[in-house]
Amino acid sequence: MFQEERMQLIVEHLRKHNRISADDIVALFDVSRDTARRDLIKLEEQDAIIRTRGGAILPLLRKNSDPTKTVYSMYLRKRGPSANSLRLL
């Protein structure tokens with residue numbers, strides 16, 4: 001099986017099961033762990049997946065999402081109540 005075919009099947013698996021591990025790829029496609037890792041790296045470079053420790057998930061696609069609000073809310077959660085006084089310029 002070619003790498004491109006395998007990568008399409010990995011994405012299809014993710015759509016059905018929401019996650020895949022490198023061990024799943026090894027078992028499903030009878031490839032080495034290094035091959036599974038290379039497939040995940042290439043899919044991540046194409047922005048098709050988000051690599052996680054030992055596997056991957058599909059990226060969350062949110063319409064009308066403002067990335068500055070997301071970053072700001074992450075900052076507030078990290079900093080705690082004292083960050084509420086932060087003012088954006």
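Refer to the preceding data block for the structure.
Residues numbered from 1 in each chain as written. Predicted model: local features only at pLDDT ≥ 70, side-chain atom pairs only at ≥ 80, totals over all residues. Heavy atoms only, no water.

What about the sheet that holds strand S1 (residues 19-21)?
At step 1: As summarised here, the arrangement of the 3 strands in space is S1-S3-S2, forming an open sheet in which the pairing is antiparallel. On the outer flanks of this sheet lie S1 and strand S2 (50-52), each paired with one strand and no other. Strand-to-strand twist of the sheet, defined as the mean angle between neighbouring strand axes without regard to direction, takes the value 25°.
At step 2: Alignment of S2 against strand S3 (residues 55-57), held across 3 bridges, turns out to be antiparallel. Opposite Ile50, over in S3, you have Ile57 as the bridge partner.
At step 3: Relative to the sheet, helix H2 (residues 22-29) contacts S1 and S3, its axis offset from that of S1 by approximately 80°. (Pairing = 2+ DSSP bridges. Helix = DSSP H or I, 4+ residues; strand = E, 2+ residues; numbered from the N terminus. Axes fitted to C-alpha atoms, helices over the stretch in contact; angles between N-to-C directions. Contact = heavy atoms within 4.5 Å.)

Topic: the nonpolar core
Most often, soluble globular proteins have nonpolar side chains that are buried together.
At step 1: Residues Ile10, Ile20, Ile25, Leu43 and Ile49 are the most contacted members of the largest nonpolar core, which totals 14 residues.
At step 2: Counting only elements with at least two residues in this core, the list comes to helix H1 (3-17), H2 and helix H3 (33-45).
At step 3: Here this core takes 4 residues from H1, the largest share from any one element.
At step 4: Non-local contacts of Ile25, meaning those with residues more than four positions away in its chain, are made with Ile10, Ile20, Asp30, Val31, Ala36 and Leu40. (Core = buried A, V, L, I, M, F, W, Y, C linked by side-chain atoms within 4.5 Å. Buried < 20%, exposed > 50% of the residue type's maximum accessible area, 1.4 Å probe, protein only.)

With respect to the pattern of salt bridges
At step 1: All chains considered together, the criterion is met by 3 salt bridges.
At step 2: Here Asp39 makes a salt bridge to Arg6, at a shortest N to O gap of 2.5 Å. One end of the pair, Asp39, is in helix H3; the other, Arg6, is in helix H1, and 33 residues separate them in sequence. This pair shows no difference in class: Asp39 is buried, exactly as Arg6 is. (Salt bridge = Lys/Arg side-chain N within 4 Å of Asp/Glu carboxyl O.)

Digging into unusual backbone geometry
At step 1: For Asn18, which is not glycine, the phi torsion reads 70° and is therefore positive.
At step 2: Looking at the secondary structure, you find Asn18 in the loop between H1 and S1.
At step 3: Residue class for Asn18 comes out exposed when judged on its relative accessible area of 54%.
At step 4: Unusually for a residue other than glycine, Asp47 sits at a positive phi of about 60°.

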